[in-house]
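Topology and contacts: notes
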Protein chains: 2
Amino acid sequence: MYELYYWPTIQGRGEFIRLLLEDVGADYVDVVRKPESEGGGIPALRNFLDAPDHAKPPFAPPILKDGDTLVTQTPLIMDYLGVRHGLAPENENERRRALELSMLLADFLVEAHDVHHPLAKEFYYEDQQDEALRRAPSFRELRIPKFCGYCEHLLQSDGFLVGGACTHPELSLFQIVEGMRYAFPKTMAMLEPDYPAVIALHDRIATRPGVAAYLASDRRIPFNEHGIFRHYPELDD
Amino acid sequence: MYELYYWPTIQGRGEFIRLLLEDVGADYVDVVRKPESEGGGIPALRNFLDAPDHAKPPFAPPILKDGDTLVTQTPLIMDYLGVRHGLAPENENERRRALELSMLLADFLVEAHDVHHPLAKEFYYEDQQDEALRRAPSFRELRIPKFCGYCEHLLQSDGFLVGGACTHPELSLFQIVEGMRYAFPKTMAMLEPDYPAVIALHDRIATRPGVAAYLASDRRIPFNEHGIFRHYPELDD
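Definitions and cut-offs
- Going along each chain's sequence as written, the residues are numbered from 1 onward.
- Following the order in which they are written, the chains are lettered starting with A and the ligands numbered starting with 1.
- Local features in this predicted model are restricted to residues whose pLDDT is 70 or higher, and side-chain atom pairs enter the listing and the counts only when it is 80 or higher, whereas totals over whole chains, interfaces and linings include all residues.
- We place the copies in one frame by least squares, fitting the C-alpha atoms of every residue whose pLDDT is at least 70 in both.
- Throughout, a pair of residues is in contact if the C-beta atoms placed from their backbones lie within 7 Å.
- Per the annotation, domain bounds derive from an automatic or database assignment of domains.
- In this text, helices come from DSSP runs of H or I with a minimum length of four residues, and strands from runs of E with a minimum of two, each type numbered from the N-terminal end.
- Residues are grouped as follows: Ala, Val, Leu, Ile, Met, Phe, Trp, Tyr, Cys and Pro are nonpolar; Asp, Glu, Lys and Arg are charged; every other residue, Gly included, is polar.
- For two strands to pair, DSSP has to find at least two bridges joining them.
- Lines fitted to C-alpha atoms define the axes here, with helix axes fitted over just the stretch in contact, and angles between the N-to-C directions of these axes take values from 0 to 180 degrees.
- Take the buried Ala, Val, Leu, Ile, Met, Phe, Trp, Tyr and Cys residues, join any whose C-beta atoms are within 7 Å, and the set you get is a nonpolar core.
- Field definition: a residue is buried when 20 or more other C-beta atoms are found within 10 Å of its C-beta, exposed when 12 or fewer are, and partly exposed for counts in between, with C-beta atoms placed from the backbone.
- Per residue, pLDDT measures the predictor's confidence, with a range of 0 to 100.
- Relative orientations are named as follows: roughly parallel for angles under 35 degrees, roughly antiparallel for angles over 145 degrees, roughly perpendicular for angles from 65 to 115 degrees, and oblique for any other angle.
- By definition, any crossing whose near helix is turned counterclockwise from its far helix by less than a right angle is left-handed, and any crossing with a clockwise turn is right-handed.

1. Observations regarding the relation of the copies chain A and chain B
These two copies of the chain differ by a rotation about an axis and a displacement along the same axis. Structural alignment of chain A on chain B gives an RMSD of 0.0 Å, achieved by rotating through 180° and translating 0.0 Å along the axis. Interpreted geometrically, this transformation is the action of a two-fold axis. No C-alpha of chain A lies nearer the rotation axis than that of Pro118 of chain A, which sits 2.8 Å from it. Of the residues that chain A buries at the interface, 100% are likewise interface residues in chain B, meaning the two copies contact each other through the same surface.

See below:
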C-alpha cells in the first residue's frame, strides 16, 4: 500500500499523483487528509520534513512512501508509479522522454503559480496584485501558447505524447488543462481552438474509468484560491 | 563524442553539464560556441528547436546529443552522464535520490533567476527593478537559508549529499555556491559561516583536477548580467 503525503486542502502538485493512483486503482492512503486522531493531519507531514530520525529527509511534499522507499519530486513519483502500473514506456529512452515531459509540465505549473504570486510565497495575493497584473499578459499571450503549441506539436503525429501509448505525462497534461480552465476560463476559451490535439487528449483522459470515478467522488478536492491554479478574474482579462 | 547545445555566452543551466563533462574528462563539443562557419552558432541550436524533421523536438536547451540519443532537462542530463562516468550511485534508490537533489538545485536556480526577473523574461531588469527590490528580501532571508540549511543537514552526517561518495548533485551545488557568491556577495559573506559543510563541499569540488583545470581555462565563461546569476548590488543590500 502506498502512502501519499501532501497538503490536505488543495489539489496542487499532489493532484498529479492522486490522478495516477486513482487511474490505475492503486491501494493508497492520502495520509495528511486523515484526522490527526488516526495518524493523519499536518503533524504526519511535519514528521517527514522535520523529524530528527531522518538523516536525509525529503525537502518538501509531495512525498510517496512505498514500504521503506521514499520518493519526492512530482515527476519522479510519476515515473516511479508509472513504471509499476503500466504508465511509463519500457524502452529506456522513451521512459526518460516521459520524465522530461513530466518535468516540463512541472515547470509550467510553477509559472501558473507565479502569475498570482510574482514576488513571494509569503505575501498575500492582495499585496502583490499590481505585480500580478503586470505579469499576467506575458503569461497569457506568450507562455501559454508556447507551452500548448509545443504539446500540440508532439501530439499531432500520433495523438500520444511519447511512445505511442498513454503514459503518465498525459495524466499531468489533463490536469494542467483542468487547472487552466479553472484559473483562466476566458483565455482558455479563446485559445483552445488552436490546440485540438491537446483538448482531445484531455477529453480522452477524462473518460478513463478510474479518472472519471475519481473526478465524480469527494476525494477530488475542488479547485480553490489556496492552490496553485487560482481564479482571479482580473488576471484573465 | 557528446554534443552540448546551449546558449553560448552565459553559464546558465548549461554550466552544470559543462562542469560534469570537464570533471570526468569527457570528449565533447560545445556546439553553439563554435563559429557558424563550422556548424555552430545559434542556427545550430535553432535546428533542434524548430526543425520540421524532428517530430518530437526538445522544448528548450540545454540539450545533450549522444549519437542518436537526445536528452533534455538539466537534471536528466546530469543523471545520464553521471551513470556513464561514475558520478551517479549504482543503487536504484540512491540514484533516484541524486536526481531528486539535482531537481531541487534546478528549482533553486529558477528562484535565483526570478529575483531579478519577477515579472517576465521579456522585460528588461530595469523595467522590473522595483518588483525585484520587493522580492529580494524574501529570497535572501528565507529562501537561501531554507535551501542552504537543508543541504547542510544532508551533508552533516557523512559529508556527502547521497550514497557516501561524490555524485553529480555535488558538482551542481558547487556551481550554485559559485553563482550565489557572484550575485549576492554581501549576503553570502554573512551567511556562509552558518553552512560550513556546504562550503567544505564547494572547496573540495573546486580542487578536483578536471574542475580546477576548467575553471582556469577560457572555456569557463565569466558570470555576467545576461545569465541566471546576476550581480545587481541593490538586490544584495
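2. With respect to the domain arrangement of chain A
Residues and elements named next belong to chain A. Here chain A is described as being made up of domain 1 (2-84) and domain 2 (92-208). Listed as interface residues are eleven residues of domain 1 and, on the opposing side, twelve residues of domain 2. For the side of domain 1 that touches domain 2, the secondary-structure elements that each account for two or more residues are helix 1 (14-23) and helix 3 (74-84). Split by residue class, the side of domain 1 that touches domain 2 holds five nonpolar, two polar and four charged.

3. Thoughts on the sheet that holds strand 2 (residues 28-30) of chain A
Residue and element names in this part refer to chain A. Strands sit in the order 2-1-3-4 across an open sheet of four strands; the sheet is mixed. Only two strands of the sheet have a single partner each, and these edge strands are strand 2 and strand 4 (69-72). The average undirected angle you get between the axes of adjacent strands in this sheet is 20°. In terms of strand pairing, strand 1 (residues 2-5) meets strand 2 through three bridges, oriented parallel. Its bridge partner being in strand 2, Leu4 is matched across the sheet by Asp30.

4. Some words on unusual backbone geometry
All names here are of chain A. In this chain, Pro61 is followed by Pro62 through a cis amide linkage whose omega measures 0°. Its location among the elements puts Pro62 in the loop between helix 2 (41-50) and strand 3 (63-66). Of note in the backbone geometry, Gln73 takes a positive phi value of approximately 70° without being a glycine. Mapping Gln73 onto the fold places it in the loop between strand 4 and helix 3.

5. Focus on the nonpolar core
Residues Leu20 and Leu173 of chain A together with Leu20 and Leu173 of chain B are the most contacted members of the largest nonpolar core, which totals 128 residues. In contact with Leu20 of chain B, other than residues within four places in its own chain, are Met78, Leu81, Leu87, His168 and Leu171 of chain B.

6. Structural notes on the interface of chain A and chain B
Accessible area lost when the parts come together is the quantity often used to give the size of an interface. Of the residues lining the interface, 27 residues belong to chain A; the matching set on chain B comes to 27 residues. Those elements that provide at least two residues to the side of chain A that touches chain B are strand 4, helix 4 (92-116) and helix 5 (129-158) of chain A. By residue number, the principal contributor to the side of chain A that touches chain B is helix 5 of chain A, which donates eight residues. The class makeup of the residues in the side of chain A that touches chain B is 14 nonpolar, six polar and seven charged.

7. Here's the deal with the confidence of the model for chain A
The predicted model of chain A has a mean per-residue pLDDT of 95, with 98% of residues at 70 or higher. The ipTM value of the predicted complex is 0.95, and its pTM value is 0.96.

8. Regarding the packing of helix 4 of chain A against helix 5 of chain A
The relative placement of two packed helices comes down to the angle between their axes together with the axis-to-axis distance. All names here are of chain A. Direction vectors running N to C along helix 4 and helix 5 enclose 160°, while the axes themselves pass 8 Å from each other. Taken as axis vectors, helix 4 and helix 5 run roughly antiparallel relative to one another. Between helix 4 and helix 5 the crossing geometry is left-handed. Facing Phe108, Glu111, Val115 and His116 of helix 4, the residues of helix 5 in contact are Ala132, Arg135, Ala136, Phe139, Arg143 and Phe147. A per-class count over the contact of helix 4 with helix 5 returns six nonpolar, one polar and three charged.

9. Considering the sheet that holds strand 3 (residues 63-66) of chain B
All names here are of chain B. Taking strand neighbours across the sheet as the criterion, the four strands line up as 2-1-3-4 in an open arrangement whose pairing is mixed. The open sheet has two edge strands with one neighbour each: strand 2 (28-30) and strand 4 (69-72). Put simply, the sheet's adjacent strands are angled 20° from each other on average, direction ignored. Judged from the four bridges that link them, strand 3 and strand 4 form a sheet pairing that is antiparallel. Counted as the bridge partner of Leu64 is Val71 from strand 4. Helix 1 (residues 14-23) contacts strand 1 (2-5), strand 2 and strand 3 of the sheet and is inclined by roughly 160° relative to strand 1.

10. Re the environment of Phe147 of chain A
Residues and elements named next belong to chain A. Inspection of the secondary structure assignment puts Phe147 in helix 5. With 23 C-beta atoms packed within 10 Å, Phe147 lands in the buried category. Distance in space between the C-alpha atoms of Phe147 and Tyr80 is 25 Å, their sequence separation being 67 residues.

11. Thoughts on the packing of helix 1 of chain A against helix 6 (residues 168-183) of chain A
All names here are of chain A. Where helix 1 meets helix 6, the closest approach of the two axes is 9 Å, and the angle between their N-to-C directions is 125°. Accordingly, the angle class assigned to the pair helix 1 and helix 6 is oblique. In this structure, the crossing between helix 1 and helix 6 has a hand that is right-handed. Of the residues in helix 6, those touching helix 1 at Glu15, Phe16, Leu19, Leu20 and Asp23 are His168, Leu171, Ser172 and Gln175.

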